[in-house]
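Letter by letter, the chains look like this.
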Amino acid sequence: MIHVNSIDPRTKLFFVAMVSSIAIITNDIMVLIGLFVLSIVALFLLGGFSISLFYRFRKLLFVILAIALVQSFFTSQGSSILQIGEKVILTDFGILRAVQFALRITIVIISSLILITSSSRNLIQGLLQFKIPYEIVFMLSIAAKFLPILRDEMVNKVIAMQLRGIDFNRIGLRKKIALYRYLLFPVTINSLLKSKDMSVAMEMRGFRAMDGRTSYRSLKMKNVDYIIIFFSLIIGLSLVVFKIVKGGI
Amino acid sequence: MDDAMIKIDRISFGYKKGEELFKNFSLSLNMKEITVLLGRNGSGKTSLTKIILGILKPPIGEVWIKGTNIKELSLGQVGSIIGYVFQNPDHQIFGATVMDQLLWTADFLGQDKEYIGQKANSLLKDFDIEKLVDIYPYQLSLGEKRILTLASAMISDPDYLILDEPTSSLDPDRIRILSGYIRSIHKKGTGALIITHDKDFAMEWGDRIITIDEGKIKDDTCK
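Residues numbered from 1 in each chain as written. Chains lettered and ligands numbered in written order. Predicted model: local features only at pLDDT ≥ 70, side-chain atom pairs only at ≥ 80, totals over all residues. Heavy atoms only, no water.

1. A closer look at the interface of chain B and chain A
For step 1, the next point in the chain: In this assembly, 31 residues from chain B lie in contact with 22 residues from chain A.
For step 2, the next point in the chain: Taken together, the two surfaces of chain B and chain A that pack against each other cover about 2400 Å², and 65% of this comes from carbon and sulfur.
For step 3, the next point in the chain: Across the chain B-chain A interface, the total number found is zero salt bridges.
For step 4, the next point in the chain: The interface formed by chain B and chain A includes eight residue pairs in polar contact (both at pLDDT 80 or more).
For step 5, the next point in the chain: Of all the elements in the fold, those that place two or more residues in the side of chain B that touches chain A are helix H2 (75-81), strand S6 (82-85), helix H3 (98-103) and helix H4 (106-109) of chain B.
For step 6, the next point in the chain: Take the side of chain B that touches chain A: its biggest share by element is five residues, from H2(B).
For step 7, the next point in the chain: When its residues are assigned to classes, the side of chain B that touches chain A shows 16 nonpolar, twelve polar and three charged. (Contact = heavy atoms within 4.5 Å. Buried area = accessible area lost by both parts, 1.4 Å probe. Salt bridge = Lys/Arg side-chain N within 4 Å of Asp/Glu carboxyl O. Polar contact = N/O pair within 3.5 Å; in protein donor to acceptor, adjacent residues only side chain to side chain. Helix = DSSP H or I, 4+ residues; strand = E, 2+ residues; numbered from the N terminus. Nonpolar A, V, L, I, M, F, W, Y, C, P; charged D, E, K, R; others polar.)

What follows is the structure in structure tokens.
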């Protein structure tokens with residue numbers, strides 16, 4: 001297994017961008033399967049893979065089924081697999097489209113998990129060395145850190161609502177929608193207040209006090225990074241050339 | 001089930017596998033008693049209240065509220081029996097004004113609006129926050145928010161109260177008002193479990209003082 005810290009975060013970023021871009025532009029089921037396997041292998045080698053991942057993706061099965069039915073119902077392409085009377089319910093084309101969609105989403109999510117194998121500080125440094133302005137990189141890292149805080153706050157608010165005697169299972173849809181207003185309003189205000197407090201705290205610690213911020217850390221690419229980037233580039237470019245020549249990949 | 005409001009029967013619970021915060025822990029809290037829970041930070045006081053309310057579910061043992069197993073109650077049902085005030089009052093603020101914070105549940109619970117309106121005015125007076133009635137709750141100080149969330153918990157006349165560090169960030173005048181209110185509801189027969197670090201408050205108001213440490217009852221004294 002490759003040591004987690006031995007791969008430069010910029011290499012991971014490049015690999016993730018390449019794999020995700022190809023997954024989005026390609027329609028070829030074999031290419032999608034190949035990218036899926038590649039993402040899983042890369043994640044496994046970097047130590048970010050766990051078998052519970054597949055358990056988390058179980059909800060995607062319903063999405064696949066829903067897309068397969070919608071695609072079969074509203075398009076005339078493909079041959080019928082299941083029909084009731086004259087109405088076609090399921091076609092091979094519908095199933096193919098649904099599987100393509102599921103693979104695409106799974107590849108994007110799994111390849112993105114590769115980024116989590118780097119520490120957030122190293123990722124920030126990687127983006128900085130890609131010459132992305134520090135303010136933008138910092139905003140991205142703060143947004144990522146805020147997500148679990150927001151999730152916890154929502155959970156606490158829902159618990160607090162219930163503890164005021166509101167039983168979510170016993171109220172109608174209209175009242176449920178009205179409840180979300182009471183839920184989202186304070187969460188939004190709280191986020192704004194938190195960001196205001198944080199900006200003051202950052203200013204107090206000298207954020208942007210001087211031009212030309214320097215970094216204590218510096219990332220250095222190794223041979224393995226260049227090899228990964230080279231092969232990712234070759235695969236990506238080959239597929240693009242193949243698409244141009246054949247008119248579809 | 002005798003006079004027990006809350007009965008915790010041999011629960012075991014931990015946040016991490018293999019690290020149990022409570023092991024074979026039992027406790028019974030009486031309906032009309034003011035129980036004060038003392039303990040160091042991280043000793044399990046807030047976790048215990050969350051177990052009582054059914055927010056945290058221990059894999060071993062049972063919790064009973066007024067004779068009903070908590071597994072048979074939804075959080076909403078528990079909330080209509082027990083009024084809970086979080087350590088962080090921001091979790092419990094939903095209304096656009098102080099008055100709205102007290103009244104917003106009326107529509108959802110089908111409560112009599114006239115009665116709830118009168119009750120809200122009475123609570124505002126009891127807690128001396130009448131002047132804040134039209135203020136947006138996020139503009140309040142931490143102490144004022146804490147008092148407001150206590151008033152919100154009392155609006156539905158719960159049978160029992162759980163207050164998580166109600167005296168922290170309160171000035172002496174507000175502690176006096178809080179104490180007076182607890183005394184008045186106690187006289188009417190409402191019990192409470194109060195978590196605090198304020199030993200003077202505990203000695204003055206607790207009918208029973210329990211000290212826990214590392215998930216075990218270290219001391220249990222009745223006045």
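2. As for the packing of helix H4 (residues 60-74) of chain A against helix H5 (residues 92-116) of chain A
A packed helix pair is summarised by two numbers, namely the angle formed by the two axes and the spacing between the axes.
Residues and elements named next belong to chain A.
For step 1, the next point in the chain: Remark: H4 packs on H5, axes separated minimally by 7 Å, with the N-to-C direction vectors making an angle of 145°. The chirality of how H4 crosses H5 is right-handed. Residues Leu-60, Val-63, Ile-64, Ile-67, Ala-68, Gln-71 and Ser-72 of H4 pack against Phe-93, Gly-94, Ile-95, Arg-97, Ala-98, Phe-101, Ala-102, Ile-105 and Thr-106 of H5. (Axes fitted to C-alpha atoms, helices over the stretch in contact; angles between N-to-C directions. Left-handed = near helix turned anticlockwise from the far one by under 90°.)

3. A word on the packing of aromatic side chains
For step 1, the next point in the chain: Tallied over the full model, the rule gives 14 aromatic pairs over all chains.
For step 2, the next point in the chain: The interplanar angle of 80° and the centroid separation of 5.2 Å between the aromatic rings of B:Phe13 and B:Tyr15 together place this pair among those described as edge-to-face.
For step 3, the next point in the chain: Each member of the aromatic cluster is reached from another via a ring pair, and the members are A:Tyr182, B:Phe94, B:Trp104 and B:Phe108.
For step 4, the next point in the chain: In this structure, A:Lys157 is placed above the aromatic ring of B:Phe94, and the distance from its NZ or CZ to the ring centre is 5.0 Å. (Phe/Tyr/Trp six-rings, centres within 6.5 Å; stacked < 30°, edge-to-face > 60°. Lys NZ or Arg CZ within 6 Å of the ring centre and 35° of its normal.)

4. Points about helix H9 (residues 223-246) of chain A
Residue and element names in this part refer to chain A.
For step 1, the next point in the chain: Compared with the 34 Å implied by 1.5 Å per residue over 24 residues, the 34 Å span of H9 between its first and last C-alpha is a close match.
For step 2, the next point in the chain: If you check which residues of H9 are buried, you get Asp-225, Ile-229, Ser-232, Gly-236 and Leu-239.
For step 3, the next point in the chain: On its buried face, H9 sits against helix H1 (9-25) and helix H2 (29-45). (Expected span 1.5 Å × (residues − 1). Buried < 20%, exposed > 50% of the residue type's maximum accessible area, 1.4 Å probe, protein only.)

5. With respect to the environment of A:Val37
Residue and element names in this part refer to chain A.
For step 1, the next point in the chain: Tracing the backbone shows Val-37 in helix H2.
For step 2, the next point in the chain: Here Val-37 falls in the partly exposed class, since its relative accessible area comes to 45%.
For step 3, the next point in the chain: Residues Val-37 and Arg-164, spaced 127 residues apart in sequence, show a C-alpha to C-alpha distance of 49 Å.

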